[in-house]
Amino acid sequence: MPKLAPEPQRDPTADRLLTPENCVVALIDYQPGQYATVTSSSREEIDLNVRAVAKLATAYEVPVVLSTVGVDMGVNEGTDPAILEELPGVTEIDRTGVNAWEDDEFRAAIEDTGRRKVVIGGLWTEVCLTFPTLDMLAEGYEVFPVADAVGGITPVAHARAFDRMTAAGARPVTAISFGSELMRNWAREDSDKLRKVMRWYFPERERLGITGTE
C-alpha cells in the first residue's frame, strides 16, 4: 500500500529535535567589516547559507534575533542588506561588545521567546559565534551553530572554534539540515515551505559555482 500520509507528529514544543515551535534563530554581526576578513569560506557561500536560514525561519515563523556591533558607535555598517531582505519586521540590536550574550537587549530578546534551543550563526566563528554559544551552553541552552553559514579569519581559527564549541556541548547543523529538521515529513501540509527554499537554494548554489570543496 502506498505511503501518502505523514507519520504521527511528536509534541512540537517538547520534541528533542528542532521544530518551528521550540527554537529561536540568532544571527550575529553579518556586517561588511566582518566579511572582509573571513578566509575560511567564501562570502558567497556564507551569504547563500545564512540567507537560506533566514528564509526558512521566516517561512516557518521561527523567531529571529538579529544583532550588530559598533553601528551606533559609527565604526561599522549594519547587516548585509541581502540578509535583511529575508527578515521582514526584524530589527537589529546593536552592541558595543563582541560577546552578544553580555548585551542586555540581546539576551532579553532570546529569553523573551521562552525557547531553549538556539540556532546560531555569526561572524567571526571564533569570536562572535563562539563566545555567546559557550555562555548559553553554560546556562542550560541547547545551541546549534550553523556550520556552513559562518566563517573565521583563518581556516584554523574556524575549525578550532568548532572544536571548542562542540567540546562544550554545541550541536552543529547546516542550513539545509536545519530546514529539513523543521519540515520533518514531506507529506505534511507545510512541506512546501522547504521545497520553495530548496528550489531557490540549489540553482543559486550552482549559479555561484559553489562546489562544496572549499
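Up top you'll find the structure we're talking about.
Remember, predicted model here, so these are calculated numbers, not experimental data.

Trainee: Help me get a handle on the overall build of the protein, residues and values and all.
Mentor: Within the protein, the regular secondary structure consists of eight helices and five strands. What you see in the protein, going N to C, is helices and strands ordered as β-α-α-β-α-β-α-β-α-β-α-α-α. For the protein, the C-alpha radius of gyration of 17 Å lies close to 17 Å, the compact-globule estimate for 214 residues. If one aligns the C-alpha atoms of the protein with their principal axes, the spans along those axes are about 60 × 40 × 35 Å. Here the protein, with 214 residues, has 50% of them falling under the buried criterion. Long-range contacts, defined as pairs at least 24 residues apart, comprise 78% of the intrachain contacts of the protein with a sequence gap of at least 6.

Trainee: Explain the pattern of salt bridges to me, using residue names and the numbers behind them.
Mentor: Per the stated rule, a full pass over the model turns up 15 salt bridges. In this structure, K55 engages E86 in a salt bridge whose closest nitrogen and oxygen atoms are separated by 3.3 Å. Taken as a pair, K55 in helix 2 (residues 43-59) and E86 in the loop between helix 3 (81-84) and strand 3 (92-95) lie far apart in primary sequence, 31 residues in all. For E142, the salt bridge is made with R171, and the minimal N-O distance between the two is 2.6 Å. One end of the pair, E142, is in strand 5 (residues 142-145); the other, R171, is in the loop between helix 6 (155-167) and helix 7 (175-183), and 29 residues separate them in sequence.

Trainee: Before we move on, can you summarise helix 2 with the specific residues and values?
Mentor: Given 3.6 residues per helical turn, the α-helix brings residues three or four places apart onto the same face. The end-to-end C-alpha separation of helix 2 is 24 Å, in line with the 24 Å expected for 17 residues at 1.5 Å each. Residues E45, I46, D47, L48, N49, V50, R51, A52, V53, A54, L56 and A57 constitute the buried set of helix 2. Immediately beyond the C-terminal end of helix 2, within one or two residues, lies E61, with a positive phi of roughly 60 degrees.

Trainee: Give me the sheet that holds strand 3: which residues, what numbers.
Mentor: Taken in spatial order, the five strands of this open sheet run 3-2-1-4-5, and their pairing is parallel. Sheet topology places strand 3 and strand 5 at the edges, where each strand pairs with a single neighbour. Between one strand axis and the next, the sheet turns through 25 degrees on average, direction left out of account. Set on the sheet, helix 4 (residues 104-113) makes contact with strand 1 (23-28), strand 2 (64-69), strand 3 and strand 4 (117-122); between it and strand 1 the angle comes to about 160 degrees.

Trainee: Tell me what's going on with the pairing of strand 1, and back it up with residues and numbers.
Mentor: Of all the six residues making up strand 1, six are buried; the element is thus mostly covered by neighbouring parts of the structure. Summarising the sheet, strand 1 and strand 4 pair through six bridges and their orientation is parallel. What sits directly across from C23, in strand 4, is K117. In this structure, strand 1 lies alongside strand 2, joined through four bridges in parallel fashion. Bridging across to strand 2, L27 finds its partner in L66.

Trainee: Tell me about the packing of aromatic side chains, residues and numbers included.
Mentor: Scanning the model with the defined rule gives four aromatic pairs in all. When the ring of Y201 is compared with that of F202, the centres are 5.1 Å apart and the planes differ by 85 degrees; the resulting orientation is edge-to-face. Relative accessible area serves as the criterion here: at 4%, Y201 is assigned to the buried category. A residue is classified by how much of its surface remains accessible, and F202, at 42% relative accessible area, is partly exposed. Here the aromatic cluster, defined as three or more aromatic residues joined through ring pairs, consists of W200, Y201 and F202. Here the basic side chain of R43 rests over the ring of Y35, its NZ or CZ set 4.0 Å away from the ring centre.

About the criteria used
- Residues numbered from 1 in each chain as written.
- Predicted model: local features only at pLDDT ≥ 70, side-chain atom pairs only at ≥ 80, totals over all residues.
- Heavy atoms only, no water.
- Helix = DSSP H or I, 4+ residues; strand = E, 2+ residues; numbered from the N terminus.
- Rg over C-alpha atoms; globule rule 2.2 N^0.38 Å.
- Buried < 20%, exposed > 50% of the residue type's maximum accessible area, 1.4 Å probe, protein only.
- Contact = heavy atoms within 4.5 Å.
- Salt bridge = Lys/Arg side-chain N within 4 Å of Asp/Glu carboxyl O.
- Expected span 1.5 Å × (residues − 1).
- Pairing = 2+ DSSP bridges.
- Axes fitted to C-alpha atoms, helices over the stretch in contact; angles between N-to-C directions.
- Phe/Tyr/Trp six-rings, centres within 6.5 Å; stacked < 30°, edge-to-face > 60°.
- Lys NZ or Arg CZ within 6 Å of the ring centre and 35° of its normal.

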